[in-house]
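# Overview (structure and organization)
For reference, the chains in residue letters:
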Amino acid sequence: MINVLKEMMELNRNSENAAAMEKYMKGHFLFLGIKKPERAQIEKEFFKATGILKEPFHPDFVKELWNLPEREYQYTALTYIEKSLKKLGKEHVKLMEFLITEKSWWDTVDMLAQKAVGKIAADYPEVISETIEEWAGSHHLWLRRTAILFQLKYKEKTNEELLYRYINMNADSKEFFIQKAVGWALREYSKTNPDSVRRFIKNNSLAPLSIREGSKYL
């Protein structure tokens, strides 16, 4: 199945686009040079031709895509995961941990955090104490970012105590992506509970970037 996708992708390889995309991503990844609209069309044709979306979720397919060198394959893996959210179970948390910690960057981690991990944690709250709790204090930057962001779309269902505790666990971090995540999480939650976020920012020691981002709607 993976070879069908590779053939379709290779037909659309564009070295000029690839160079620009690699530069934008600071040289972290190789690219085929397929822009999002074209990739979306390829994915649509691939899913239709193979019928994979009608089958049970395939973790091995995701891992195969993750192991390919060009970044577009990881993006297709994310599309597949997003279209399979209803099929994700508690048993897929370890797969998400693998994806978050391998080839890590904001362009993959943020979708996994708020959609895949967020969905699993909403359906199986026990994964918070069993797994996400450990992520919040992990040495791995992107696991910590995921712990801060996984409730991003929870709105009134947000576990406020948990959100604030994970933020405080990481409040002294000098990492840009942690400070930004803290601000993003606070900004999003401020749409639901602005008074709570205002009090939290006032009463806790946060990085200036986190305060600036978190206060945007206050």
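Note: the structure precedes this text.
Residues numbered from 1 in each chain as written. Predicted model: local features only at pLDDT ≥ 70, side-chain atom pairs only at ≥ 80, totals over all residues. Heavy atoms only, no water.

## Topic: the environment of Leu99
Its location among the elements puts Leu99 in helix 6 (residues 93-101). According to the relative accessible area criterion, Leu99 is buried, its value standing at 0%. In the structure, Leu99 is positioned 104 residues away from Asn203 in sequence and 35 Å away in space, judged by C-alpha atoms. Sequence-distant contacts of Leu99, that is, excluding residues within four places in its chain, are made with Val62, Trp66, Ile81 and Leu112. (Helix = DSSP H or I, 4+ residues; strand = E, 2+ residues; numbered from the N terminus. Buried < 20%, exposed > 50% of the residue type's maximum accessible area, 1.4 Å probe, protein only. Contact = heavy atoms within 4.5 Å.)

## Quick notes on the environment of Tyr124
Along the chain, Tyr124 turns up in the loop between helix 7 (106-123) and helix 8 (126-136). Among all residues touching Tyr124, those that are not within four sequence positions of it are Leu88, Gly89 and Lys90.

## What to know about the packing of helix 8 against helix 9 (residues 141-149)
It is the contact of helix 8 with helix 9, at a shortest axis distance of 7 Å, that shows an interaxial angle of 120°. As judged from the angle between their axes, helix 8 and helix 9 are oblique. With respect to the hand of their crossing, helix 8 and helix 9 are arranged in left-handed fashion. Along the contact surface, helix 8 presents Ile132, Trp135 and Ala136, while helix 9 presents Leu143, Arg144, Thr146 and Ala147. (Axes fitted to C-alpha atoms, helices over the stretch in contact; angles between N-to-C directions. Parallel < 35°, antiparallel > 145°, perpendicular 65-115°, else oblique. Left-handed = near helix turned anticlockwise from the far one by under 90°.)

## A short note on the packing of aromatic side chains
Scanning the model with the defined rule gives 13 aromatic pairs in all. Taken together, a centroid distance of 6.3 Å and an interplanar angle of 50° make the contact between Phe31 and Tyr75 tilted. Taken together, the residues Phe31 in the loop between helix 2 (15-24) and helix 3 (36-50) and Tyr75 in helix 5 (residues 71-82) connect sequence positions 44 residues apart. Each member of the pair, Phe31 as well as Tyr75, carries the same accessibility label: buried. Sitting over the face of the ring of Phe98, Lys63 holds its NZ or CZ atom 5.5 Å from the ring centroid. Above the face of the Phe29 ring, Arg71 is positioned so that its terminal group lies 3.6 Å from the ring centre. (Phe/Tyr/Trp six-rings, centres within 6.5 Å; stacked < 30°, edge-to-face > 60°. Lys NZ or Arg CZ within 6 Å of the ring centre and 35° of its normal.)

## Examining the nonpolar core
By size, the foremost hydrophobic cluster in this structure holds 75 residues, and its most contacted members are Ile81, Met96, Leu112, Ile132, Phe150 and Leu186. Here this core gathers at least three residues from each of two domains, domain 1 (1-87) and domain 2 (108-217). Non-local contacts of Leu186, meaning those with residues more than four positions away in its chain, are made with Tyr164, Ile167, Val197, Phe200, Ile201, Leu206 and Gly214. (Core = buried A, V, L, I, M, F, W, Y, C linked by side-chain atoms within 4.5 Å. Domains from an automatic or database assignment.)

## Observations concerning the side chain of Arg144
Position of Arg144 relative to the elements: it lies in helix 9. Notably, Arg144 is buried but unbridged: the nearest opposite-charge side chain belongs to Glu175, and the N-O separation is 5.2 Å. Among the polar contacts listed, one links the side chain of Arg144 to the backbone oxygen of Ser138, at a separation of 3.0 Å. Separated by 3.2 Å, the side chains of Arg144 and Asn170 make a polar contact. Beyond its immediate chain neighbours, meaning those up to four positions away, Arg144 contacts Trp135, Ala136, Gly137, Ser138, His139, Asn170, Ser173, Glu175 and Ile178. (Lys, Arg positive; Asp, Glu negative; His and termini not counted. Salt bridge = Lys/Arg side-chain N within 4 Å of Asp/Glu carboxyl O. Polar contact = N/O pair within 3.5 Å; in protein donor to acceptor, adjacent residues only side chain to side chain.)

The values reported here are purely geometric and, on their own, carry no functional implication.
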